[in-house]
Amino acid sequence: MSRMNLAAVAPEVYQAWVAAETAIRRGPLDATVRELVKIRVSQINRCLFCIEMHTTEARKEGETEKRIYHLTAWRESDQFTPAERAALEYAEAATELGEHGVSDETWAQVEKNFDEGQRAGLVAITAQINLWNRLGVPMRLYEAD
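Small disclaimer: the values here were computed from a predicted structure and weren't measured.

Some points on the overall build of the chain
Argument step 1. Secondary structure assignment for the chain yields eight helices and zero strands.
Argument step 2. Ordered by position from N to C terminus, the α and β elements of the chain give α-α-α-α-α-α-α-α.
Argument step 3. In terms of C-alpha radius of gyration, the chain reaches 15 Å, essentially the compact-globule figure of 15 Å for 145 residues.
Argument step 4. Scored against the burial criterion, the 145 residues of the chain give a buried share of 39%.
Argument step 5. Expressed as a percentage of contacts within the chain between residues at least 6 apart in sequence, the contacts between residues at least 24 apart total 66%.
Argument step 6. By element, 54% of the accessible surface of the chain is carried by carbon and sulfur atoms, the whole surface being about 8300 Å².
Argument step 7. Each charge class in the chain was averaged separately, 17 positive and 23 negative side chains, and the resulting centres sit 3 Å apart.

Some points on the side chain of threonine 55
Argument step 1. Within the fold, threonine 55 resides in helix H4 (residues 48-60).
Argument step 2. Separated by 2.8 Å, the side chain of threonine 55 and the backbone oxygen of isoleucine 51 make a polar contact.
Argument step 3. Residues within four places of threonine 55 in sequence aside, it is in contact with Ile39 and Ile68.

Quick look at the packing of helix H2 (residues 11-26) against helix H8 (residues 116-136)
Argument step 1. Between H2 and H8, the shortest axis-to-axis distance is 10 Å and the interhelical angle comes to 145°. Taken as a pair, H2 and H8 cross one another with a handedness that is left-handed. Mapping the contact onto sequence places Tyr14, Trp17, Val18, Ala20, Glu21 and Ile24 in H2 and Gly121, Ala124, Ile125, Gln128, Leu131, Trp132 and Leu135 in H8.
Argument step 2. Looking at the contact of H2 with H8 residue by residue, the class counts come to 10 nonpolar, two polar and one charged.

Section: the environment of alanine 73
Argument step 1. With respect to the helices and strands, alanine 73 occurs in the loop between helix H5 (65-70) and helix H6 (82-96).
Argument step 2. In the structure, alanine 73 is positioned 14 residues away from alanine 87 in sequence and 14 Å away in space, judged by C-alpha atoms.

What counts, and where the lines are drawn
Starting from 1, residues in each chain are numbered consecutively following that chain's sequence as written. It should be noted that, the model being predicted, local features are given only for residues of pLDDT at least 70 and side-chain atom pairs only at 80 or more, the latter also being counted only at that level, while totals for whole chains, interfaces and linings use all residues. Excluded from the side-chain calculation are hydrogens and water; included are all heavy atoms of the structure. Put simply, DSSP H or I for four residues or longer makes a helix, DSSP E for two residues or longer makes a strand, and each gets a number counted from the N terminus. What the globule rule says is 2.2 Å times the number of residues to the power 0.38, and the radius of gyration is computed from C-alpha atoms. Burial classes follow relative accessibility: with a 1.4 Å probe on protein chains only, a residue under 20% of its type's maximum area counts as buried, one over 50% as exposed, and anything between as partly exposed. Contact between two residues is taken to exist if any of their heavy atoms lie within 4.5 Å; hydrogens are not considered. All accessible-area figures derive from a Shrake-Rupley calculation using a 1.4 Å probe, and residue coverage is judged against the displayed protein chains alone. His is not counted, nor are the chain ends; Lys and Arg add positive charge and Asp and Glu add negative charge. Taken as the charge location is NZ of Lys, CZ of Arg, CG of Asp or CD of Glu. Two N or O atoms count as a polar contact when they lie within 3.5 Å, although within protein this holds only if one can serve as hydrogen donor and the other as acceptor, and sequence-adjacent residues are included solely when both atoms are side-chain atoms. Only C-alpha atoms enter the line fits that serve as axes; for helices the fit covers just the stretch in contact. Angles between N-to-C directions range over 0 to 180 degrees. Take the far helix as the reference: if the near one is turned anticlockwise from it by less than a right angle, the crossing is left-handed, and if turned clockwise, right-handed. In the scheme used here, Gly and all other residues not listed as nonpolar or charged are polar, with Ala, Val, Leu, Ile, Met, Phe, Trp, Tyr, Cys and Pro taken as nonpolar and Asp, Glu, Lys and Arg as charged.

Next comes the structure, spelled out in structure tokens:
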């Protein structure tokens, strides 16, 4: 059972988060890249609610089961484009935020594969899904019945 309904308890804040999500969706970042990033970050953060939501959304956008299955091992898979690989590398680095954050090498690949607006969308969606995960996991938004 969920610990708290944040939308009901803090509606103004929750609606601001939803508005940010909506603005990001309208941006220039490709929907496939956006959903792959959401799934991969949610896997890292172990947010079952978001994994369920974004794998479903990715399928609606035309994503294949094979690519969804390969996402946890994307570096070893031949299923992802150079741009998708750059996005996933960035998303993992920005999510895990090791001692040195996102490396210059990782950022260079982002710059090589995305224009400025798309880069902004990648940064925004990575931050946004991390926000949702950090709400979903501690609030237990998805537990087995």
